[in-house]
Amino acid sequence: MVDALGVAVVGFGWMGRVHTQAYTRVRHHYPQLPLRVELVTVAEEVPGRAEEAAERFGFASATRDWREVAADPRVQAVSITAPNFLHREIGVALAQAGKHLWIEKPVGLTGEDARAVADAVAEAGVQGTVGFNYRNAPAVEAARELIASGGIGTVTHVRIRLFSDYAAHPDGALTWRYERERGGSGVLGDLASHGVDLARFLLGDIASLTADTAVFVPQRARPTSATAGHALASGGEPGPVENEDYVSCLLRFASGARGVLEACRVSVGEQNNYGFEVHGTRGAVFWDFRRLNELAVSRGTAYQDQPVSTVYVGPGDGEFAAFQPGAANAMGYDDLKVIEAYRFLRSIAEGRPHGTTLADAVRSAALLDAMAASAESGTWVDLRAS
């Protein structure tokens, strides 16, 4: 028997659409899932956007007030894809209303925000999944297994990069993303949050770090109308960019490995250049998001001049088999969110977590707070007691 699950989406920008599309696709890829999603309602404060989403995707109703979602008995699970500064208020309220949460990272603006949502989820006894989608890539899961099995020896160092040009244009609108009060720590929350999650997923706990940050585009024009995504603006009143465009960070892992994490939102010439390079005593493994389904792997006993081979992930890796029948058939970004939706819904069906949890979000947020504190003080931050 397949049970119906009433779902709502709060916030309908690009990510709200991605979540909605994942819900509509999930049982195509996972027919064994004992839940059938019913799109109950969509909440979005921009006039007309919720109604448009309801008509396009088949939500039964639309509203401009997310509080109606909390009070709606038809809704059992909610995707929270609103701007970061709303995550804590919405997340806590919906958890307290007994709704399961699929919430986008970084789950608020600070570690305190993430902990508040995590505590509300725990106290309510509901499930909570967080949108750290890059760890869902079958190639990333294969890399983790290779590392854990000792396939490249003992890990010595890792480099993680997240470079994008989404904020590179000087005429990019001064939206909430660039304000400290609403956008938090800028590129730390946007991109470095994924980086620290990948670091922990691949190599385990981080013991200490030191970081440096910078703002490279110090002023932008305020938008004169509602915006979506990373819109351009001209003619508006100029205002200051209050949060970070760039962060670099040195990491010391509890294992003894060392790491470098670098993220930038104003990297001209870089479009979603995300990836990692993990080196060990007998080999290395490399992943580039733009070549989502490939790993570059070096392993053996040659050490010097040891070759690197391209490995195409296939049905034995992660959730690949739910999407493609054989290696080298491509998966894409939206597929990673379908995997995330599946793990969220499976968590609800089985009453135990699968995939990323609010605990992962709390740990990620603590690392971002530590980066910001280190950049301000110019010192190393010890995380072993946190």
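See the structure above.
In short, a report on the structure. (Residues numbered from 1 in each chain as written. Predicted model: local features only at pLDDT ≥ 70, side-chain atom pairs only at ≥ 80, totals over all residues. Heavy atoms only, no water.)

Here we look at the nonpolar core
Among soluble globular proteins, nonpolar side chains are generally buried collectively.
Okay, so step 1: Residues Tyr23, Leu202, Val278, Val285, Trp287, Leu345 and Met371 are the most contacted members of the largest nonpolar core, which totals 94 residues.
Okay, so step 2: At 10 residues, the largest contribution of residues to this core is made by helix α8 (residues 187-203).
Okay, so step 3: Not counting chain neighbours up to four residues away, the residues in contact with Met371 comprise Leu188, Val196, Leu209, Ala211, Val247, Cys249 and Leu261. (Core = buried A, V, L, I, M, F, W, Y, C linked by side-chain atoms within 4.5 Å. Buried < 20%, exposed > 50% of the residue type's maximum accessible area, 1.4 Å probe, protein only. Helix = DSSP H or I, 4+ residues; strand = E, 2+ residues; numbered from the N terminus. Contact = heavy atoms within 4.5 Å.)

Some words on the sheet that holds strand β3 (residues 61-63)
Okay, so step 1: On the basis of which strands lie adjacent, the open sheet formed by 6 strands has the order β3-β2-β1-β4-β5-β6 and parallel pairing. Every other strand in the sheet has two partners, leaving β3 and β6 (128-130) as the edge strands with one partner each. Adjacent strand axes in the sheet meet at a mean angle of 25 degrees when their direction is disregarded.
Okay, so step 2: Bridging between strand β1 (residues 3-10) and strand β2 (residues 35-43) involves 8 bridges; their strand directions are parallel. Directly across from Gly6, in β2, lies its bridge partner Glu38.
Okay, so step 3: Helix α2 (residues 49-57) rests against β2 and β3 of the sheet, and its axis sits at about 160 degrees to β3. (Pairing = 2+ DSSP bridges. Axes fitted to C-alpha atoms, helices over the stretch in contact; angles between N-to-C directions.)

Topic: helix α10 (residues 358-377)
Three- or four-residue spacings in an α-helix give side chains the same orientation, since the helix completes a turn every 3.6 residues.
Okay, so step 1: Its 20 residues give α10 an end-to-end C-alpha distance of 28 Å, which sits within 8% of 28 Å, the value for a rise of 1.5 Å per residue.
Okay, so step 2: Residue Thr357 occupies the N-cap position of α10, its side-chain oxygen lying 3.2 Å from the main-chain nitrogen of Ala359.
Okay, so step 3: The first or second residue beyond α10 is Gly378, which carries a positive phi of 75 degrees. (Expected span 1.5 Å × (residues − 1). Polar contact = N/O pair within 3.5 Å; in protein donor to acceptor, adjacent residues only side chain to side chain.)

Here's the deal with the sheet that holds strand β16 (residues 309-312)
Okay, so step 1: Read from one edge to the other, the open sheet built from 9 strands follows the order β16-β15-β14-β13-β7-β12-β11-β8-β17, with strand pairing classed as mixed. The two strands at the open ends of the sheet, each matched to only one other strand, are β16 and β17 (381-382).
Okay, so step 2: Two elements, strand β7 (residues 155-163) and strand β13 (residues 273-280), share 8 bridges in a ladder whose sense is antiparallel. Following the sheet pairing, Arg159 is matched in β13 by Glu277.
Okay, so step 3: Together, β7, β13, β14 (283-288) and β15 (294-299) form the strand contacts of helix α6 (residues 138-148), whose direction differs from that of β15 by roughly 20 degrees.

Quick notes on the packing of helix α1 (residues 14-29) against helix α9 (residues 333-350)
Helix-helix packing: each pair is described by the crossing angle between the helix axes and the interaxial distance.
Okay, so step 1: Closest axis-to-axis distance for the α1/α9 pair is 8 Å, and the angle between their directions is 70 degrees. In terms of their interaxial angle, α1 and α9 are classed as roughly perpendicular. Crossing geometry of α1 relative to α9 is assigned as right-handed. The residues of α9 that touch α1, namely those facing Trp14, Met15, Val18, His19, Gln21, Ala22, Tyr23, Arg25, Val26 and His29, are Tyr333, Asp334, Asp335, Lys337, Val338, Ala341, Tyr342, Phe344 and Leu345.
Okay, so step 2: The residue makeup of the contact of α1 with α9, split by class, is 12 nonpolar, 3 polar and 4 charged. (Parallel < 35°, antiparallel > 145°, perpendicular 65-115°, else oblique. Left-handed = near helix turned anticlockwise from the far one by under 90°. Nonpolar A, V, L, I, M, F, W, Y, C, P; charged D, E, K, R; others polar.)

Details of the state of the cysteines
Okay, so step 1: All told, the structure shown has 0 disulfides when counted by the stated rule.
Okay, so step 2: Free cysteine: Cys249, not disulfide-bonded; nearest cysteine sulfur from Cys264 at 15 Å. (Disulfide = S-S within 2.5 Å.)

Thoughts on the environment of Val297
Okay, so step 1: Mapped onto the secondary structure, Val297 falls in strand β15.
Okay, so step 2: When its relative accessible area of 9% is taken as the criterion, Val297 is described as buried.
Okay, so step 3: Each C-alpha atom, one on Val297 and one on Gly186, is 33 Å from the other, the two residues being 111 residues apart in sequence.
Okay, so step 4: Apart from the residues lying within four places of it in its own chain, the contact partners of Val297 are Leu146, Ala284, Val285, Pro307, Val308, Ser309 and Val311.

Quick notes on the packing of helix α4 (residues 87-96) against helix α5 (residues 111-124)
Okay, so step 1: α5 packs onto α4 with a crossing angle of 5 degrees between their chain directions and a minimal axis gap of 8 Å. The angle between the axes of α4 and α5 places the two elements in the roughly parallel class. On α5, the residues touching His87, Arg88, Gly91, Val92 and Ala95 of α4 are Glu112, Asp113, Ala116, Val117, Ala120, Val121 and Ala124.
Okay, so step 2: Broken down by class, the residue content of the contact of α4 with α5 amounts to 7 nonpolar, 2 polar and 3 charged.

Observations regarding the packing of aromatic side chains
Okay, so step 1: One pass over the full model with this rule turns up 16 aromatic pairs.
Okay, so step 2: Between the aromatic rings of Phe12 and Phe57, the centroid separation amounts to 5.7 Å while the plane-to-plane angle is 55 degrees, which identifies the pairing as tilted. On the criterion of sequence distance, the pair formed by Phe12 in the loop between β1 and α1 and Phe57 in helix α2 is long-range, its members being 45 residues apart.
Okay, so step 3: A relative accessible area of 9% means that Phe12 is categorised as buried.
Okay, so step 4: Between Trp287 and Phe289, the ring centres sit 6.4 Å apart and the planes meet at 65 degrees, which makes this aromatic pair edge-to-face.
Okay, so step 5: Given a relative accessible area of 2%, Trp287 falls into the buried group.
Okay, so step 6: Note on Phe289: relative accessible area 13%, which makes it buried.
Okay, so step 7: One aromatic cluster is present, formed by Trp14, Tyr134, Tyr274, Phe276, Trp287, Phe289 and Tyr333 through successive ring pairs.
Okay, so step 8: Between Arg220 and the ring centre of Tyr178, over which it is positioned, the NZ or CZ distance is 4.4 Å. (Phe/Tyr/Trp six-rings, centres within 6.5 Å; stacked < 30°, edge-to-face > 60°. Lys NZ or Arg CZ within 6 Å of the ring centre and 35° of its normal.)

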